Amino acid sequence: RGSARRQAMAARLKRCVVRRRDGPEQHGVAATCLRELRDKACGLLAIDKAREPITLVLAEDGTIVDDEDYFLCLPSNTKFVALAKDEKWSGKSLGSGTSWLSEAVDEVDSAAEKWKQLARQLKGDLSNIILMSEEDLQVLIDVPRSDLAEELAQSETKTQVLQDTLQQVLDRREEERQSRQLLELYLEALKTEDSVLSKVAEPQAAPRKEMDVVDTGTSSTGTPAKTALSDQILAALREKPAPELCLDSQDLELVLKEDRAALASALGWDKQKAGALQAACDQELSKRLQQVQTLHSLRSTSKGKKTLPWGDWPSSKRKK
């Protein structure tokens, strides 16, 4: 399983070209994820730490690229422009070239364009549904059918089938979450019952000695271990009953890469609970990758048929 994941990550290595907004120099960069591309761009373009975090936009039209899955769907050698803090993208055609201006002529509203980015991912490959987060799925479900049909260049009937399929995936994850909650409540009830019975059965115990010090994941100097996870990911891990179902595949990989002690410290948990969380994330990521690989395998064996035809998606039994 670990070997399959490493092969999948290696296959995602993408060649990109980065440049500054007002600089003529271009640099070639190979990165497996958007975060790695940002880090390498800062170093190659000598962007001062005080001007980070940077924003990456497509050089051709200024589209902000802030979604990991969308980044993975871009073709090789895509050109990016790195914008430092408080900089805005603007472009104006001048004769044979393009001038990168300091004024914000054409600002990109990333919030309004997010659903279009997600729609383009599905237009390129419908199996991207499996890798999307619950938030992304809900965004596409809420888009007016006519707008989504126009973006996908499909009829409204087929677009309705797609949105019903998205709702099915979302409902299935919610059912899995509720099932896990019920199982956790049942196991907790069993522990409580066993604890009560053992207290009744055992004789009066002598005063207990000092408790052992619990390892909280802090260093010997008292400084808490640091984590590279964003506040949004940590909030989902801490608050959601089954966080591995809420996160997209890129976030799951980040959780798996984290040191267990640092993760436990950031969440305020013990190492055993943090380890169980990473195991659940590992299982969910493996399941998604296996589903994608199964879809690709079915495509390769279906000779003479179109790749995942839109009309073949089953209609949803659940309605929005």
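Residues numbered from 1 in each chain as written. Predicted model: local features only at pLDDT ≥ 70, side-chain atom pairs only at ≥ 80, totals over all residues. Heavy atoms only, no water.

Within an unreviewed UniProt entry, the label attached to the chain reads DFFA factor, and the organism entered is Cephalopterus ornatus.

Enquirer: I'm lost on the pairing of strand β1 (residues 14-20) in this one. Help?
Expert: On a regular strand, each side chain points to the face opposite its neighbour's, so the side chains alternate between the two faces of the sheet. Counting buried positions along β1 gives six out of seven residues, so the element sits mostly inside the fold. Note: β1 against strand β2 (residues 27-31), five bridges, orientation antiparallel. When the sheet's bridge partners are listed, R15 is paired in β2 with A30. Connecting β1 to the antiparallel partner β2 that follows it, the hairpin turn spans six residues. Judged from the five bridges that link them, β1 and strand β4 (residues 78-83) form a sheet pairing that is parallel. From the neighbouring strand, R19 faces β4, where its bridge partner is V81. (Buried < 20%, exposed > 50% of the residue type's maximum accessible area, 1.4 Å probe, protein only. Helix = DSSP H or I, 4+ residues; strand = E, 2+ residues; numbered from the N terminus. Pairing = 2+ DSSP bridges.)

Enquirer: What's the story with the environment of A264 in this structure? I'm lost.
Expert: As for its position among the elements, A264 is in helix α11 (residues 260-267). Each C-alpha atom, one on A264 and one on L277, is 9.8 Å from the other, the two residues being 13 residues apart in sequence. Apart from residues lying up to four places away in sequence, A264 is in contact with W269, D270, K271 and A274. (Contact = heavy atoms within 4.5 Å.)

Enquirer: Sorry, what's going on with the layout of surface pockets here?
Expert: A water-sized probe rolled over the atoms picks out the places where empty space is left. There is about 1000 Å³ of room inside the largest pocket. Lining the largest pocket we find 35 residues, and of these D66, S230, Q232, D248 and D251 sit closest to its centre. Among the secondary structure elements, those contributing two or more residues to the lining of the largest pocket are α2 (34-44), β3 (55-58), α4 (110-124), α5 (134-142), α7 (156-201), α8 (231-239) and α10 (249-257). Among the elements that take part in the lining of the largest pocket, α4 stands out by supplying four residues, more than any other. (1 Å grid on protein atoms, 1.4 Å probe; cavity = no way out; pocket = protein on both sides within 12 Å on 5 of 7 lines; lining within 4 Å. Points joined across faces, edges and corners; volume = space filled by probe spheres on them.)

Enquirer: What is the right way to read the pattern of salt bridges from this model?
Expert: Think of it this way: side chains of opposite charge can pair up when their charged atoms draw near. Scanning the entire structure with this criterion turns up ten salt bridges. Note that D136 is salt-bridged to K114, the shortest N-O span being 3.3 Å. Taken together, the positions of D136 in helix α5 and K114 in helix α4 put the pair 22 residues apart, joining distant regions of the chain. Here D136 falls in the buried class, since its relative accessible area comes to 3%. Residue E176 is joined to K287 by a salt bridge in which the shortest nitrogen-to-oxygen separation is 3.4 Å. Of this pair, E176 sits in helix α7 while K287 sits in helix α12 (residues 271-301), and the two are 111 residues apart along the sequence. Since its relative accessible area comes to 29%, K287 is described here as partly exposed. Taken together, the shared-partner salt bridges connect E176, E284, K287 and R288 into one network. (Salt bridge = Lys/Arg side-chain N within 4 Å of Asp/Glu carboxyl O.)

Enquirer: What exactly am I supposed to notice about the nonpolar core here?
Expert: Within soluble globular proteins, side chains that are nonpolar generally end up buried alongside one another. Core analysis: the biggest nonpolar cluster contains 20 residues, and V18, L37, I54, L56, V65, F71 and F80 have the highest contact counts within it. At the level of elements, β1, β2, α2, β3, α3 (68-73) and β4 are the ones that each hand at least two residues to this core. At four residues, α2 tops the list of elements feeding residues into this core. One finds L252, W269, L285 and L289 within the second-largest nonpolar core, a separate group that totals 18 residues. (Core = buried A, V, L, I, M, F, W, Y, C linked by side-chain atoms within 4.5 Å.)

Enquirer: Whenever I open this one, a nonpolar patch on the surface confuses me. Can you help?
Expert: A grouping of L183, Y186, L187 and L190 is seen on the molecular surface, where their side chains present a nonpolar patch of about 380 Å² in accessible area. Tracing the sequence through the fold places L183 in helix α7. (Patch = residues over 30% accessible without salt bridge, like charges linked within 9 Å, V, L, I, M, F, W, Y side chains within 5 Å. Areas by Shrake-Rupley, 256 points an atom, 1.4 Å probe, with all protein chains shown as cover.)

Enquirer: It is not clear to me how the sheet that holds β3 should be interpreted in this structure. Could you clarify?
Expert: Read across the open sheet, the four strands follow the order β2-β1-β4-β3; overall the sheet is mixed. The strands lining the two open edges of the sheet, one partner per strand, are β2 and β3. Within this sheet the neighbouring strands show an average axis-to-axis angle of 40 degrees, counted without direction. (Axes fitted to C-alpha atoms, helices over the stretch in contact; angles between N-to-C directions.)

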